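Architecture at a glance
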Amino acid sequence: MDADTMARMTLDPVAALMLDEAGPLPDRVLVVDDVGGALTRAAVDAGSDVRTWCDDLRDVAHVPPAQRLVAPLTDWTPQLVLWRLPKSLSGVEDYAEQLAAHVDPATRVVAGGRTKHMTPNQNAALGRQFEQVSASLGRQKSRVLHATGARPAAVRWPLRRHLPEVGITAIAHGTVFNTNRLDDGTHLLLRTLARTAGDPVVDPRAFRGVALDVGCGSGIIAAWLAQRGWETTATDVSAFAVASTRLTARANNVSVRVRHADMLAGTGPDSVDLLVSNPPFHIGAAKDSSPTLAMIREAGQVLRPGGELWIVFNGHLPYLGALRRHVGNTTIEAQDRHYIVARALKAPQL
Ligand SMILES: C[S@@+](CC[C@H](N)C(=O)[O-])C[C@H]1O[C@@H](n2cnc3c(N)ncnc32)[C@H](O)[C@@H]1O
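- Labelled according to an unreviewed UniProt entry, the chain appears under the name Methyltransferase domain-containing protein, originating from Propioniciclava sinopodophylli.

**Some thoughts on the side chain of E308**
- Within the element layout of this structure, E308 appears in strand β15 (residues 303–314).
- In this structure E308 comes out as buried when scored by relative accessible area, which is 17%.
- In this structure the side chain of E308 is engaged in a polar contact, spanning 3.0 Å, whose partner is the side chain of R343.
- If we skip the residues at most four places from it in the chain, E308 touches D273, L274, L275, L303, R343, A344 and L345.

**Some remarks on the domain arrangement of the chain**
- Entries for the chain in the domain assignment read domain 1 (3–150) and domain 2 (159–345).
- One C-alpha centre belongs to domain 1, the other to domain 2; they are set 32 Å apart.
- Each partner contributes residues to the interface: domain 1 has 15 residues there, and domain 2 has 16 residues.
- For the pair domain 1 and domain 2, the summed buried surface comes to about 1,200 Å²; carbon and sulfur atoms form 59% of the total.
- Area buried by domain 1 at its contact with domain 2 is led by D55, L57 and R58, which between them contribute 47% of it.
- Counting every contact that joins domain 1 to domain 2 gives zero salt bridges.
- At the boundary of domain 1 with domain 2, the tally comes to nine residue pairs in polar contact (both at pLDDT 80 or more).
- For the side of domain 1 that touches domain 2, the secondary-structure elements that each account for two or more residues are α4 (57–60) and α5 (89–102).
- Ranked by the residues each element gives to the side of domain 1 that touches domain 2, the list is headed by α5, at five residues.

**Overview of the UniProt feature "domain: RlmG N-terminal" (unreviewed entry) in the chain**
- Under the feature "domain: RlmG N-terminal" (unreviewed entry), the UniProt entry names residues 77–148.
- This span, residues 77–148, is 33% helix and 35% strand, and a straight line between its end C-alpha atoms measures 14 Å.

**Overview of the packing of aromatic side chains**
- Overall, the coordinates contain four aromatic pairs when judged by the stated rule.
- Pairwise contacts between aromatic rings join W53, W83, Y95 and F240 into one cluster.
- We note R228 situated over the ring of W224; from NZ or CZ to the ring centre the distance is 3.9 Å.

**Examining the pattern of salt bridges**
- Throughout the structure, instances matching the rule amount to eleven salt bridges.
- The residue R51 makes a salt bridge to D49 at a minimum N-O spacing of 2.8 Å.
- By relative accessible area, which is 22% here, R51 ends up partly exposed.
- With a shortest N-O distance of 2.8 Å, E93 and R156 are connected by a salt bridge. Of this pair, E93 sits in helix α5 while R156 sits in the loop between β6 (142–150) and β7 (159–163); the two residues are 63 residues apart in sequence, bridging distant segments of the chain.
- What makes R156 partly exposed here is its relative accessible area of 43%.
- The structure contains a network of salt bridges with shared partners spanning E93, R128 and R156.

What counts, and at which threshold
- Residues numbered from 1 in each chain as written.
- Predicted model: local features only at pLDDT ≥ 70, side-chain atom pairs only at ≥ 80, totals over all residues.
- Heavy atoms only, no water.
- Helix = DSSP H or I, 4+ residues; strand = E, 2+ residues; numbered from the N terminus.
- Buried < 20%, exposed > 50% of the residue type's maximum accessible area, 1.4 Å probe, protein only.
- Polar contact = N/O pair within 3.5 Å; in protein donor to acceptor, adjacent residues only side chain to side chain.
- Contact = heavy atoms within 4.5 Å.
- Domains from an automatic or database assignment.
- Buried area = accessible area lost by both parts, 1.4 Å probe.
- Salt bridge = Lys/Arg side-chain N within 4 Å of Asp/Glu carboxyl O.
- UniProt positions renumbered as here; feature names shortened; annotations may be inferred.
- Phe/Tyr/Trp six-rings, centres within 6.5 Å; stacked < 30°, edge-to-face > 60°.
- Lys NZ or Arg CZ within 6 Å of the ring centre and 35° of its normal.

Next comes the structure, spelled out in structure tokens:
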């Protein structure tokens, strides 16, 4: 078996189809949202000068430092873009706007995804930014969109929305969870926190300390906590979520320290009074509760004695036992048809 065949065997069906549809690779290739570094590796092996942008920190880890772009899609004009499509239409729109603003009309874009996540609306979104858009035939439940003739149209993302229910203005990129809307689970979590934990807006004597919003998305929870006087840090594994949370904090005139981090990585032991999270239930497109279970396991260490973890999750997820085992006494503070809001207390030091 030759090296080329070996390399292609490590590619998933989407990446393999993207490379086949791209044909011979040109000198300058931009890879966007590579999964596991496979496309970057293939393009480097083909002799191209490659730059790679990944939104997810876990994907960045698979890209050799020489290929990493630190700012998304800037200052370097590729001849070909290999772009792993996001699942959401808003994500396709946002990336298409950014790509069209930074590539030449001659640049070819080869965008791949799983057929079940692709809709004709994505072609239309690309068609607003590129003269020619066409779709490949499907193969192994995957499909590719070809686009060329960049003609940057109006840039809409990131978009702002005022959320009167929680008194926060959210600004979000198109790839961010729920973009700038208020998730029902997040709403239930904030309503319950305000009612139960003592809301400094209502009760000026309520305790405020160090708060951490894990998986901050557009930053609604972080901005809400900061607005109430908590010294707030927010973390997310997505670079666009980090950027959105910074914009949301600024739009609400509050100070939030925002870190691009995988769950509690970089959070010191006994350093947090209040950990709040509407945690992820996916890795990429696949449902997976293991990152959240890992976060709950570590939460007992980063919370100060007497600290609290507040978390909202879909009722069928297996978190209550883990909260009791790894954090402490756990109560259900609110529940509706879909969600549970749980509060876990780390025992105070005696
Ligand atoms: C359910 S969304 C909640 C977003 C936001 N807090 C809200 O309430 O609208 C979960 C968030 O967790 C982020 N996330 C996923 N995996 C993560 C990880 N390993 N570490 C940190 N954040 C992660 C996602 O990017 C997403 O923004």
